[in-house]
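Remarks on the overall topology
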Amino acid sequence: MLEYINDPNDIKQIQPEDYKLLAKDIRRFLLRNVSRTGGHLASNLGIVELTMALHLVLDFPKDQLIFDVGHQSYVHKILTGRKNGFENLRQFHGMSGFPKRKESDCDAFHSGHSSMSLSAALGMVTARDINHTDETIVAVIGDGALSGGMAYEALNNMARLRKEKKNLIIILNDNKMSIAENVGGMSAYLNKVRTRKEYVEFKGNVEQSLLRIPGIGKELTTILKKSKDSIKQLFVPGMYFEDMGITYIGPIDGHNVPLMVDTLNRAKQLDEPIIIHVVTKKGKGYRPAEQNPAKFHGISPFSLKTGEVLKKSDNPSNTAVFSDTLIKEAKKDKKIVAVTAAMPDGTGLGKFKNHFPDRFFDVGIAEQHAVTFCAGMASRGLKPVFAVYSTFLQRGFDQILHDVAIGNYPVIFGLDRSGLVGADGETHQGIFDIPYLSIIPNVTVMAPINGRELSEMLKHTLHHAKGPTAIKYSRGEASSLYEDQFEELHYGKGQILKEGKEAVIIAVGNIFEEADKAEKILKEEGYEIGLVNPRYIKPFDQELIMKLSQTYDKIMIAEEGVLNGGFGMMVNEFLSEHDYKGEVRCLGIDDQFVEHGSVSELRRMLKIDGESIADSIRQWMKE
Ligand SMILES: Cc1ncc(C[n+]2csc(CCOP(=O)(O)OP(=O)(O)O)c2C)c(N)n1
Ligand SMILES: CC(=O)[C@@H](O)[C@H](O)COP(=O)(O)O
Ligand SMILES: [Mg+2]
């Protein structure tokens, strides 16, 4: 059937009797491609029929469809003429795994981070009004994304649309899953709504049976109807939304295309904000993904036959080093508690949960809340560790500043996926953490260069932290470089790992491996380059920097993060304040967002890989 789908709106030519076949072909296509490239599979398998229904009802690119998070937009990409892009999905210069305005005018809004779709949609409704246009605006938000605070701010704000008589359609795609099992009060409420529907159907059947009892049937039915459940609560699920002023429709079967088309067409006619509660199955159509949707949420290339990932490393990841150390320390210290914002597997805290279920907290996709929740616990003497992806902690900036740092509470941030993350691209690169954390008074920032140092930094912080501390580490395997030269940690102190003559490279955290490669390349050519591990980004080791300034007349600072406000800039400023007469060069990421690709390709493109660092120093010497 996909042969007939080449351009936006082509699906409208498909006959209703072929919808099932098309859905099947889309799933086959997704499986064939994502098993080869890797990507967000389970959510896309689950949203096939819902996306088809949306495309049957909406007119692209005129109508505006916004995907929350955006990891579930693959089917939308297929239906908007981008099926060939799946050849190189999430690869360097290939098609993004998220909606992108620059990729297609059918992508109404870019996304990657969660819970933003309702605000963006409300903004578009407001613009439609002021611009006097008549497009339909639809936001698709998952039950997991509905655990994020921003979604409630938007719901609260959009209630005004009822009075203003304006249409906005929200599709709540409820598959009972975030990445892991969904958590929290809203998730429990949606569960209740789902089961209430079954209860209503069951009750309808009971009523019919009771009515058939001769003599007392009618009386019994009346008693049943007057029972303590209010009729409205019983027959109108979704009262939470209704009470807020948002019309609730559902729950409906998210795998029934004609039913959804009919519902959407009706919703389009209403002059009010509407939420359509659609129930889908994450991973639908591929048994391993249905059985383990968390594993197939975002997956590397895998065997379709076995469902197993093709390339598995035996070496521990930074995430595993962090979580194993945390567990070891938590066995000795009951004050240690661990917090995740809906990423128990990604941050390794799932293991912590198994050991200490009472000291583990999954707060949902709620990074802002998580930060202040940790501040509250720290204010009462606990030792909270919030393990969070660098990119998602951006959400909690003011909470770190206002709620944690002003009180100087010893909250520990395990900053996972710091640096380039690769295939997720510009929304997910962890390249802003040094600037956004270093500008906050009281905050300490550390960056280990290998697994052992990561583990020791966490231990040291758990025992000695006097204030908020972030330890940043990268996605993937823990490095073992220079582990044998490990020296005890001292607060604010760095370490010289190699003495040199012509120049020295101070390399932050994960980029140290590239600096080390550069040093080796240049050594072959007869140059002696020093290597320094700063360990502490803030406060950095001023004494060490002064010492280097007296030894070298060329100092290079390398980091896998933005240059603006980065470590290089801080050190450079310090050196110029102290009248350093030599030259300083900073390598890092200039003022840009970095797209998807493998980390090694991106480093090469950004000229922060070993070869490029060596080239740069060689060139510098010639100058
Ligand atoms: C701010 C933020 N925090 C965390 C994430 C990581 N994340 C991506 S998808 C997802 C789960 C979303 O669940 P849901 O909205 O129900 O969509 P589903 O995957 O079930 O289709 C999470 C936690 C994110 N993208 N943004
Ligand atoms: C869509 C999203 O935000 C997550 O699924 C993210 O892609 C996970 O990244 P990791 O693969 O690094 O855990
Ligand atoms: Mg979900």
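Residues numbered from 1 in each chain as written. Chains lettered and ligands numbered in written order. Predicted model: local features only at pLDDT ≥ 70, side-chain atom pairs only at ≥ 80, totals over all residues.

1. Some remarks on the overall build of the protein chain
Counting its secondary structure elements, the protein chain contains 25 helices and 17 strands. Taking 2.2 N^0.38 as the reference for a compact globule, 623 residues should give roughly 25 Å; the C-alpha atoms of the protein chain span a radius of gyration of 27 Å, in line with that estimate. Projected onto its principal axes, the C-alpha positions of the protein chain cover 100 × 55 × 55 Å. (Helix = DSSP H or I, 4+ residues; strand = E, 2+ residues; numbered from the N terminus. Rg over C-alpha atoms; globule rule 2.2 N^0.38 Å.)

2. Focus: the site of ligand 1
By nearness alone, 23 residues border ligand 1, and Ser43, Ser114, Gly142, Gly144 and Ala145 come closest of all. Of the residues in the shell around ligand 1, the class split is nine nonpolar, ten polar and four charged. Two domains each provide a minimum of three residues to the shell around ligand 1, namely domain 1 (1-209 + 229-294) and domain 2 (316-470). (Near = placed C-beta within 6 Å. Nonpolar A, V, L, I, M, F, W, Y, C, P; charged D, E, K, R; others polar. Domains from an automatic or database assignment.)

3. Structural notes on the nonpolar core
Counting residues in hydrophobic clusters, the biggest one holds 167 residues, and the most contacted among them are Leu118, Ile170, Phe386, Ile505 and Ala558. The biggest single contributor to this core is helix α3 (residues 48-57), with seven residues. Apart from the residues within four sequence positions on either side, alanine 558 is in contact with Ile505, Ala507, Val508, Ile511, Glu514, Ala515, Leu587, Gly588, Ile608 and Ile613. (Core = buried A, V, L, I, M, F, W, Y, C linked by C-beta atoms within 7 Å. Buried ≥ 20, exposed ≤ 12 C-beta atoms within 10 Å, placed from the backbone. Contact = placed C-beta atoms within 7 Å.)

4. With respect to helix α23 (residues 567-577)
Those residues of α23 lying buried are Phe567, Gly568, Met569, Met570, Val571 and Leu575. The elements touched by buried residues of α23 are α19 (433-438), β13 (503-507), β15 (536-538), α22 (542-551), β16 (554-562) and β17 (583-589). Once α23 ends, the next one or two residues include aspartate 579, with phi positive near 55°.

5. Focus: the pairing of β13
In terms of burial, β13 is largely enclosed, as five of its five residues are buried. Burial of the side chains of β13 extends over both faces: Ala503, Ile505 and Ala507 are buried on one face and Val504 and Ile506 on the other. With four bridges connecting them, β13 and strand β14 (residues 529-533) associate as parallel partners. Bridging from a neighbouring strand, valine 504 pairs with glycine 530 of β14. Handedness of the crossover joining β13 and β14 through helix α21 (residues 512-524) is recorded here as right-handed. Summarising the sheet, β13 and β16 pair through four bridges and their orientation is parallel. Residue pairing for β16: valine 504 is matched across the bridge by isoleucine 555. (Pairing = 2+ DSSP bridges. Right-handed = clockwise from strand over helix to strand, strands pointing away.)

6. Some details on the packing of helix α1 (residues 19-37) against α3
In contact at an axis separation of 10 Å, α1 and α3 are set at 125° when each is read in the N-to-C sense. In this view, α1 runs oblique relative to α3, as classed from their interaxial angle. α1 and α3 meet at a crossing whose hand is right-handed. Contact with α1, carried on its side by Tyr19, Leu22, Ala23, Ile26 and Arg27, involves Val48, Glu49 and Met52 of α3 and no other residues of that element. Residue composition of the contact of α1 with α3, grouped by class: six nonpolar, no polar and two charged. (Axes fitted to C-alpha atoms, helices over the stretch in contact; angles between N-to-C directions. Parallel < 35°, antiparallel > 145°, perpendicular 65-115°, else oblique. Left-handed = near helix turned anticlockwise from the far one by under 90°.)

7. Notes on the site of ligand 2
Surrounding ligand 2, one finds His40, Val69, His71, Ile179, His297, Gly298, Gly346, Arg417, Val421, Asp424 and Arg475. In the shell around ligand 2, the residues fall into three nonpolar, five polar and three charged. Two domains share the shell around ligand 2, each providing at least three of its residues, namely domain 1 (1-209 + 229-294) and domain 2 (316-470).

8. A look at the UniProt feature "binding site: Mg(2+)" (unreviewed entry) in the protein chain
The UniProt feature table records "binding site: Mg(2+)" (unreviewed entry) at Asp143 and Asn175. For this annotated set, covering 33 residues, all C-alpha atoms fall within 6.9 Å of each other, a compact arrangement in space. Look at aspartate 143 and you get buried, because 23 C-beta atoms sit within 10 Å. The contacts of aspartate 143, once residues within four sequence positions are left out, are Leu172, Asp174, Asn175, Lys176, Asn182, Ser187 and Leu190. Along the chain, asparagine 175 turns up in the loop between β3 (168-174) and α8 (185-211). Apart from residues no more than four positions distant in its own chain, asparagine 175 is found in contact with Gly46, Gly142, Asp143, Thr280, Lys281 and Lys282. (UniProt positions renumbered as here; feature names shortened; annotations may be inferred.)

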